[in-house]
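If you want the building blocks of each chain, they are given just below.
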Amino acid sequence: MLRTPSGGSGSSGAVGAEGRLVSIGTVLNLLREEFPEVTISKIRFLEAEGLVEPQRTPSGYRKFSTEDVERLGCVLRMQRDHYLPLRVIKEHLEARARGEAPQLPAPAKPRDAALLADGSQEAGPGAAIGEAVAAAGAEPGSPAPSPAVRIGRGELLSATGVTERELGEWESYGLVTAHPDGGFDADAVAVARLVADLGRFGLEPRHLRAMKAAADRQAGLVEQVVAPLRRHRNPQTRAHAEATTRELATLSVRLHAALVQAALHAGSH
């Protein structure tokens, strides 16, 4: 009888008879008891990231072994309980495969994970700039930066090398938005730096309105997907909604980049 992976990092029940391979739909059903938010798209995403390598039939269908299902359960558990980015999880699993015994950090609360992502808890304008800029360049899928990490208006101008007039124009187009307290978080820093870089190629804020509108639509689609997770009665499922949001955002960015690249290639022929 098929059983869902459970317990600590890497332990799980058996999939069935030794050597039996199962479909992705069966894997989904096995995992959903412990991970109700998991989807087929999520499993495919983890495969694309190199976290699991199922076999393929001659027709191209995925077939998962007992070890594959255990590995998926381990990956999902580390994401849920430790808020680890996929890169770190992959390195951990590779170390275990080499016979090493790497230690996982203690299970983190969402705010603890955010502080770890910041890399520092020091106060002061200089530390805030470093944290916000570092978070702005963080790996997609890593824990979200703390919303408390903000910098002032003058510090943002200094970090991006633009004038007050230029920043005001960005704000008028909705590209950069300050918090009610006047500070700018890591997201605002990331956007400001990219807008500044594009400006050096002659692209003005009015040219970027379409990108802003497309981003808002993409965010709306992501919200539609994760909204049921946030309303779930299981606290772990609600907490995992943030990780799901980040992964969907990463996939959306990749799709956008691929579509732009395809359009450029088509236009060059």
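Residues numbered from 1 in each chain as written. Predicted model: local features only at pLDDT ≥ 70, side-chain atom pairs only at ≥ 80, totals over all residues. Heavy atoms only, no water.

Asker: Describe helix 2 (residues 40–48), with residues and values.
Answerer: Of the residues making up helix 2, those classed as buried are Lys-42, Ile-43, Phe-45, Leu-46 and Glu-47. At its buried positions, helix 2 is contacted by helix 1 (24–32), strand 1 (55–56), strand 2 (62–63), helix 3 (66–82), helix 4 (86–97) and helix 11 (235–268). Once helix 2 ends, the next one or two residues include Gly-50, with phi positive near 80°. (Buried < 20%, exposed > 50% of the residue type's maximum accessible area, 1.4 Å probe, protein only. Helix = DSSP H or I, 4+ residues; strand = E, 2+ residues; numbered from the N terminus. Contact = heavy atoms within 4.5 Å.)

Asker: A description of the pattern of salt bridges should follow, citing residues and the corresponding values.
Answerer: Pairs can form between side chains of opposite charge whenever their charged atoms are close. Under the criterion given, the structure shown has 16 salt bridges. We note a salt bridge from Arg-150 to Asp-181, for which the minimum N-O separation is 2.7 Å. Of this pair, Arg-150 sits in the loop between helix 6 (125–136) and helix 7 (153–160) while Asp-181 sits in the loop between helix 8 (164–172) and helix 9 (186–199), placing them 31 residues apart in sequence. The partner of Arg-153 in a salt bridge is Glu-164, with the nearest N and O atoms 2.9 Å apart. In this pair, Arg-153 is assigned in helix 7 and Glu-164 in helix 8, connecting sequence segments 11 residues apart. With relative accessibility at 28%, the residue Arg-153 sits in the partly exposed group. (Salt bridge = Lys/Arg side-chain N within 4 Å of Asp/Glu carboxyl O.)

Asker: Let's hear about the nonpolar core: which residues, and what values?
Answerer: The biggest cluster of nonpolar side chains holds 24 residues, and the ones touching the most others in it are Val-27, Leu-31, Ile-43, Leu-46, Phe-64, Leu-72 and Ile-89. Residue assignment for this core shows that the elements contributing at least two residues are helix 1, helix 2, helix 3 and helix 4. Looking at this core, the element that brings in the most residues is helix 3, giving 6 residues. Contacts of Leu-46, omitting those with residues within four sequence positions, involve Leu-51, Val-52, Leu-72, Val-75, Leu-76 and Leu-86. (Core = buried A, V, L, I, M, F, W, Y, C linked by side-chain atoms within 4.5 Å.)

Asker: Requested: an account of the environment of Ala-219, with residues and values cited.
Answerer: Residue position: Ala-219 is located in helix 10 (residues 209–230). Along the chain, Ala-219 and Thr-245 lie 26 residues apart, while their C-alpha atoms are 9.2 Å from each other.

Asker: Describe in detail empty space enclosed by the protein, supporting the description with residues and values.
Answerer: Gaps left between atoms show up when a probe the size of a water molecule is rolled over them. According to the stated counting rule, one finds 2 cavities of 30 Å³ or more in the structure shown. As a volume, the second largest cavity reaches approximately 30 Å³. Lining the second largest cavity are Glu-34, Phe-35, Pro-36, Glu-37, Arg-80, Asn-234, Gln-236, Thr-237 and His-240. When residues in the lining of the second largest cavity are grouped by element, the largest group, 3 residues, is from helix 11. Taken together, the residues of the lining of the second largest cavity sort by class into 2 nonpolar, 4 polar and 3 charged. (1 Å grid on protein atoms, 1.4 Å probe; cavity = no way out; pocket = protein on both sides within 12 Å on 5 of 7 lines; lining within 4 Å. Points joined across faces, edges and corners; volume = space filled by probe spheres on them. Nonpolar A, V, L, I, M, F, W, Y, C, P; charged D, E, K, R; others polar.)

Asker: Go over the packing of helix 1 against helix 3 with me, naming the residues and quoting the values.
Answerer: For the pair helix 1 and helix 3, interaxial distance at closest approach is 11 Å and the crossing angle is 45°. Between helix 1 and helix 3, the angle is such that the two are oblique. Note on packing geometry: the crossing formed by helix 1 with helix 3 is right-handed. Every residue of helix 3 that contacts helix 1 at Val-27, Leu-30 and Leu-31 is listed here: Val-69, Leu-72, Gly-73 and Leu-76. Tallied by class, residues from the contact of helix 1 with helix 3 come to 6 nonpolar, 1 polar and no charged. (Axes fitted to C-alpha atoms, helices over the stretch in contact; angles between N-to-C directions. Parallel < 35°, antiparallel > 145°, perpendicular 65-115°, else oblique. Left-handed = near helix turned anticlockwise from the far one by under 90°.)

Asker: Tell me what's going on with the packing of helix 3 against helix 4, and back it up with residues and numbers.
Answerer: Contact geometry for helix 3 and helix 4: axes closest at 10 Å, N-to-C directions at 135°. Viewed along their axes, helix 3 and helix 4 adopt a mutual orientation that is oblique. Taken as a pair, helix 3 and helix 4 cross one another with a handedness that is right-handed. Between helix 3, through Arg-71, Cys-74, Val-75, Met-78 and Gln-79, and helix 4, the contact on the second element is made entirely by Leu-86, Ile-89, His-92, Leu-93 and Arg-96. For the contact of helix 3 with helix 4, a count of residues per class yields 6 nonpolar, 2 polar and 2 charged.

Shape descriptors only; they carry no functional weight alone.
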